[in-house]
Amino acid sequence: MLDIAVVMDPIDAIHVAKDSSFAMLLEARRRGHRLHYVLPGGLGLADGQPQARCAPLQVHDDPAHWFSLGETRTRPLRGIDAILMRTDPPVDAAYLHDTHILSLAQREGVLVVNDPQGLRDLNEKLAAFLFPQCCPPTLVSRDPAALRAFVEQHRQAVLKPLDGMGGRSIFRADAGDPNLNVILETLLGGSKSQPGQLVMAQRYLPEIVDGDKRILLVDGEAVPYCLARIPQGKEFRGNLAAGGRGEGRPLSERDRWIAAQVGPELKRRGMLFVGLDVIGDWLTEVNVTSPTCIRELDKQFGLNIAGLLFDAIERRVAQARA
């Protein structure tokens, strides 16, 4: 029996039928592990020792009553076997501070999933370019002239901030688009005296009509099915949060090749659960903070993806104890 703590967004507000963190908690319960819910904002230090305000957690696969909490108390993180770090972006100052505390817990022998240093190092848009052979033509810049030139060169492009999620603030622009300057002003921000934000421009991939595929990696190995998130109506974004429809599919040969390129390096960095976004034949993002789609794929294909993750967690904890 392990002590498992979870750092996540408020558990009373999740959509249990789709929430991957909840799938992990259900699997931990099934295996008889003790669960501890870290209250939002509950991580801290006392005399240099990482601690958390947390409560014993019970979970139930019941949309009317999916959790119950015991008495809240502050406890040291030393003695916890594994911590699931599952807070959604943005990766802002508060998030980064939490990862620093989790790194101190890691130094005390706690397994943190995913590795806190990896969470700091791997921006979900930029991390894909550790594997440039997998990526479409892309420009990351603060220079509006360079971004306009990229759109003109490729005729159609997608423009997005580096810290967004769920399809927010993503724009499609065509060469000659009269709104392009406004799009760039919105994304870049800044002023004459203050540089704007970095913006990513990628060549528009028409294969998006067939879906933005989410491929899950568990300890560096690909789950054999992906969830294609298909845009609906006149929407070009496939994100489920933007109204996309999820459709499970077996991985293609190209999907498997991309996963084989990415998986070993992310495993080396301690990233046990990762979501790759693939459009057509191209890797567009590497999601390390709180990848989703477990429950959809489990339901469609009779899988137990959280079970694969806990197999990996239990192996690592056993190795550390040995």
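Every value quoted in this text rests on a predicted model; they were computed, and no experiment measured them.

Basis of the calculations
Residues numbered from 1 in each chain as written. Predicted model: local features only at pLDDT ≥ 70, side-chain atom pairs only at ≥ 80, totals over all residues. Heavy atoms only, no water. Helix = DSSP H or I, 4+ residues; strand = E, 2+ residues; numbered from the N terminus. Buried < 20%, exposed > 50% of the residue type's maximum accessible area, 1.4 Å probe, protein only. Polar contact = N/O pair within 3.5 Å; in protein donor to acceptor, adjacent residues only side chain to side chain. Contact = heavy atoms within 4.5 Å. Axes fitted to C-alpha atoms, helices over the stretch in contact; angles between N-to-C directions. Left-handed = near helix turned anticlockwise from the far one by under 90°. Nonpolar A, V, L, I, M, F, W, Y, C, P; charged D, E, K, R; others polar. Pairing = 2+ DSSP bridges. Phe/Tyr/Trp six-rings, centres within 6.5 Å; stacked < 30°, edge-to-face > 60°. Lys NZ or Arg CZ within 6 Å of the ring centre and 35° of its normal. Salt bridge = Lys/Arg side-chain N within 4 Å of Asp/Glu carboxyl O.

(A) Highlighting the side chain of Asp81. Counting through the fold element by element, Asp81 comes out in the loop between β5 (73-76) and β6 (82-86). Assessed through its relative accessible area of 14%, Asp81 is described here as buried. There is a polar contact of 2.9 Å between the side chain of Asp81 and the side chain of Arg321. Setting aside residues up to four positions removed in sequence, Asp81 forms contacts with Met1, Leu2, Asp3, Val110, Leu111, Val317 and Arg321.

(B) Fine view of the environment of Pro90. Tracing the chain through its elements places Pro90 in the loop between β6 and α2 (93-107). Put simply, Pro90 and Phe22 are 68 residues apart on the chain and 20 Å apart in space, counted from C-alpha to C-alpha.

(C) How the structure looks around the packing of helix α1 (residues 20-30) against helix α8 (residues 305-321). In contact at an axis separation of 9 Å, α1 and α8 are set at 65° when each is read in the N-to-C sense. When you trace α1 past α8, the crossing you get is right-handed. Contacts from Ala23, Met24, Glu27 and Ala28 of α1 reach α8 at Ala306, Gly307, Leu309 and Phe310. In terms of residue class, the contact of α1 with α8 is built from six nonpolar, one polar and one charged.

(D) Structural view of the pairing of strand β9 (residues 156-161). Counting buried positions along β9 gives five out of six residues, so the element sits mostly inside the fold. Note: β9 against strand β10 (residues 171-174), four bridges, orientation antiparallel. Directly across from Val158, in β10, lies its bridge partner Arg172.

(E) Representation of the side chain of Ser103 in the model. Its place among the elements puts Ser103 in helix α2. Overall, Ser103 belongs to the buried group, its relative accessible area being 18%. Side-chain polar atoms of Ser103 contact the side chain of Arg120, separated by 3.1 Å.

(F) Local environment of the packing of aromatic side chains. Evaluation of the coordinates by the stated rule reveals two aromatic pairs. Pairing Trp66 with Phe67 gives two aromatic rings, centres 6.1 Å apart and planes at 45°, and the pair type is tilted. For the pair Trp66 and Phe67, one class covers both residues: buried. Residues Tyr225 and Phe301 carry aromatic rings whose centres are separated by 4.0 Å and whose planes lie at 15° to one another, so their mutual orientation is stacked. Of this pair, Tyr225 sits in strand β14 (residues 225-230) while Phe301 sits in helix α7 (residues 294-301); the two residues are 76 residues apart in sequence, bridging distant segments of the chain. Relative accessible area serves as the criterion here: at 25%, Tyr225 is assigned to the partly exposed category. The lysine or arginine in question, Arg172, covers the ring of Tyr204, its NZ or CZ lying 4.0 Å from the ring centre. Positioned above the aromatic ring of Trp282 is the side chain of Arg254, whose terminal nitrogen or guanidinium carbon lies 5.3 Å from the ring centre.

(G) Quick look at the pattern of salt bridges. Going through the model one piece at a time under the given rule, you end up with 21 salt bridges. Taking the shortest distance from any N to any O, the salt bridge between Lys125 and Glu285 comes out at 3.6 Å. With Lys125 in the loop between α3 (116-121) and β8 (138-141) and Glu285 in strand β17 (residues 282-287), this residue pair connects regions lying 160 residues apart in the sequence. Just as Lys125 is buried, Glu285 falls in that class too. For Arg245, the salt bridge is made with Glu247, and the minimal N-O distance between the two is 3.3 Å. Take Arg245: its relative accessible area is 40%, and that puts it in the partly exposed class. On the basis of relative accessible area, Glu247 is assigned to the partly exposed category, the value being 27%. By sharing partners, the salt bridges in this structure join Glu27, Arg30, Arg31, Asp311 and Glu314 into a single network.

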